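These are the residues of each chain, in order.
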Amino acid sequence: MEKNIRAPIVTVLGHVDHGKTSLLDAIRKTNVATKEVGGITQSIGASKIELQKDSFTSAAGKGITFIDTPGHAAFSKMRGRGAEVADIAVLVVAADDGVKPQTKEALELIKEAKIPFIVAITKTDLPSKNIEGARGQLEKEGVLFEGRGGDTPVVSVSAKEEKGIKELLETIAVVAEVHEIKGDPGGDLEAVVIESSKDKRGTFANMVVRNGTLRIGNLIQAENVGCKIRAIFDSRGVSVKEVLPGEPAQILGFEEIPPVGAKVTNKGSLAGGGVKNEVQKVDKLSEGQIAVILKARSGGSLEALVASLPPNIVVIGGGVGDVNESDVLSAKASNAWIFAFESNVPAGVLKLAKMEGVHIERFEIIYELFQRLEELLKKGQVEVLGKAQVITSFPFNNKKIAGCKVTSGRIVKTDNLILARGEKEIGKVKAISMKKQKTEITEAKGGEEFGIIFEPQLDFEVGDVLISVRK
Ligand code: GDP
């Protein structure tokens, strides 16, 4: 076997719903090594698979490392970096759908990264398949297939029926062999961060090693974030002592969360830097904009989210980690929504948010988060911050005081209020005085009673509701 041949690092790209995830799942399912260890127990953003023993390529003994690139366009930033990290790309095109916008985007990324690629026509079990049609469309995009004047291989697969998987793996191995993908275990460290995060154990980064070896105790750095390696986990979540070229690994011991896509070297300076835990703050909102605080579980997701937000969404705060009390308080101060992507919302924080009338929404699927943002923008962002019911009324000078009780959220003196009777809006009002007993107050919370004089002096009745709305 050729010296220093290592496992190729492969990324799967293509249009949403064209079957990338299913294909990766099918690959893992048909993979002997994975079966032997009882399946992948933990995602570290990449997984190594072994080739069948009867493989005829020299790369056979080395396996293939797949980067688990997520499918939505929101991740194009990470995906783009995925292409840079990878030695080979698999471009997925659904046999029933052909070339779509993200297929073209993926082709661009591949071109920029200057890496070889293989076309996998997926869903070939569908009666509506049109393999030749898909190939023709790709040729129109400039893809030169093997046997048709170029060297791009094409493989037909069905993740559903687990067909063509072995052929695809063999094809990847052949391409790896032709391109002589090498890594020297004794050479300078060259690895790339594909995910970074923080949990109870500390700050860690998932990476793939292209050259050199990572060992416990090594001093490494991802761009300018230092790390003394405290622990290493492989793609099965098993603790290991070292990582060789072509392997993915999870490294524990970073001083700060290193940025996704960062190059990792073994120069070992412990300077600061990295993804800030706070997103840049913005002071003023213009008409039609919505302020949000974004929390995500990892630096990679946060970067991807921020990079793909609709134009009228203004991020005023957030960062990596669980939603906390200070997020709720800053959301309240700036009338912002809190969006948590894969981050947790502890019960105490949720309770505080309810009390303060702050909305927290949690998402596991990035696409759904964006849908929700679009929906809010369309709705013109009128959102209810609190409600109070008029329970009594009494005269004061020549005005009328409404005695109210907060039934949800909170009422703040400076809020925009709507006086409503049943479903009907009576009018818009502003508080000119809010009192609890004899004391002037600026805010009333859930369950509290207060007296309010508002302007204009609309003719309210007991049973009417004051609704505080975010404008
Ligand atoms: P991704 O967005 O590219 O990761 O696509 P998914 O892997 O999530 O697949 C999108 C949809 O296509 C899902 O409903 C899958 O069940 C379906 N799908 C994926 N691969 C196949 C296949 O080989 N055959 C059929 N019939 N359906 C498939």
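Provided above is the structure to which this section pertains.
About the thresholds
- Residues numbered from 1 in each chain as written.
- Predicted model: local features only at pLDDT ≥ 70, side-chain atom pairs only at ≥ 80, totals over all residues.
- Heavy atoms only, no water.
- 1 Å grid on protein atoms, 1.4 Å probe; cavity = no way out; pocket = protein on both sides within 12 Å on 5 of 7 lines; lining within 4 Å.
- Points joined across faces, edges and corners; volume = space filled by probe spheres on them.
- Helix = DSSP H or I, 4+ residues; strand = E, 2+ residues; numbered from the N terminus.
- Buried < 20%, exposed > 50% of the residue type's maximum accessible area, 1.4 Å probe, protein only.
- Contact = heavy atoms within 4.5 Å.
- Near = heavy atom within 4 Å.
- Polar contact = N/O pair within 3.5 Å; in protein donor to acceptor, adjacent residues only side chain to side chain.
- Areas by Shrake-Rupley, 256 points an atom, 1.4 Å probe, with all protein chains shown as cover.
- Nonpolar A, V, L, I, M, F, W, Y, C, P; charged D, E, K, R; others polar.
- Axes fitted to C-alpha atoms, helices over the stretch in contact; angles between N-to-C directions.
- Parallel < 35°, antiparallel > 145°, perpendicular 65-115°, else oblique.
- Left-handed = near helix turned anticlockwise from the far one by under 90°.
- Pairing = 2+ DSSP bridges.
- Phe/Tyr/Trp six-rings, centres within 6.5 Å; stacked < 30°, edge-to-face > 60°.

A. Local environment of the layout of surface pockets. For the second largest pocket, the calculated volume is near 490 Å³. What lines the second largest pocket is a set of 22 residues, and nearest its centre among them are Ile115, Pro116, Phe117, Asp151 and Thr152. Secondary-structure elements contributing two or more residues to the lining of the second largest pocket are helix H4 (101-113) and helix H6 (165-178). Here the element with the most residues in the lining of the second largest pocket is H4; it accounts for 5 residues.

B. Local environment of the environment of Leu23. Checked against the element boundaries, Leu23 lands in helix H1 (residues 20-29). When its relative accessible area of 1% is taken as the criterion, Leu23 is described as buried. Considered as a pair, Leu23 and Glu162 are 139 residues apart in the sequence and their alpha carbons are 8.6 Å apart. Beyond its immediate sequence surroundings of up to four residues, Leu23 is in contact with Val90, Val92, Ala120, Val157, Ala159, Ile165 and Leu168.

C. Quick peek at the site of the ligand. In the region of the ligand, 14 residues are neighbours, and Asp17, Lys20, Thr21, Ser22 and Asp125 sit closest. In this structure, an oxygen atom belonging to the ligand sits 2.8 Å away from a side-chain N or O atom of Lys20. In this structure, an oxygen atom belonging to the ligand sits 2.8 Å away from a main-chain N or O atom of Ala159. Taking 580 Å² as the accessible area of the ligand by itself, protein coverage stands at 72%. Looking at the shell around the ligand, its residues break down into 3 nonpolar, 6 polar and 5 charged.

D. Just the packing of helix H8 (residues 325-333) against helix H9 (residues 347-356), in detail. Running from amino to carboxyl end, H8 crosses H9 at an angle of 15°, the nearest separation of the two axes being 9 Å. One way to sum up the angle between H8 and H9 is to call them roughly parallel. The interaxial crossing formed by H8 with H9 has right-handed handedness. Where H8 approaches H9, its residues Glu325, Val328, Leu329 and Lys332 are matched on the opposing element by Val349, Leu352, Ala353 and Glu356. Of the residues assigned to the contact of H8 with H9, the class counts are 5 nonpolar, no polar and 3 charged.

E. Highlighting the pairing of strand S14 (residues 248-254). Of all 7 residues making up S14, 7 are buried, and the element is well covered by its neighbours. As paired elements, strand S8 (residues 202-211) and S14 share 5 bridges and run antiparallel to each other. From the neighbouring strand, Val208 faces S14, where its bridge partner is Pro248. Here strand S11 (residues 225-233) pairs with S14 via 4 bridges, running antiparallel. Bridge pairing links Ile232 to Ile251 in S14.

F. Quick look at the environment of Val358. With respect to the element layout, Val358 can be found in the loop between H9 and strand S19 (360-363). When its relative accessible area of 9% is taken as the criterion, Val358 is described as buried. Taking the C-alpha atoms as reference points, Val358 and Asp327, separated by 31 residues in sequence, lie 9.8 Å from one another. With residues up to four places along the chain from it excluded, the contact list for Val358 reads Val328, Ala331, Lys332, Ala336, Ile338 and Ala353.

G. Quick look at the packing of aromatic side chains. Evaluation of the coordinates by the stated rule reveals 3 aromatic pairs. Taken together, a centroid distance of 5.9 Å and an interplanar angle of 25° make the contact between Phe339 and Phe363 stacked. One end of the pair, Phe339, is in strand S18 (residues 337-341); the other, Phe363, is in strand S19, and 24 residues separate them in sequence. The residues Phe339 and Phe363 share a single accessibility class, namely buried. An aromatic cluster is defined as three or more aromatic residues linked by ring pairs; in this entry it consists of Trp337, Phe339 and Phe363.

H. Inspection of the sheet that holds S18 at higher detail. Here 4 strands make up an open sheet; going across it, the order is S17-S16-S18-S19 and the pairing parallel. Two strands lie at the open edges of the sheet, namely strand S17 (313-320) and S19, each paired on one side alone. With direction set aside, neighbouring strand axes in the sheet form an average angle of 25°. Bridge count between S18 and S19: 4 bridges; the pairing is parallel. Paired with Phe341 across the strands is Phe363, a residue of S19. Each of strand S16 (290-296), S17, S18 and S19 is contacted by helix H10 (residues 366-378), which is oriented at about 165° to S18, the strand it contacts most.

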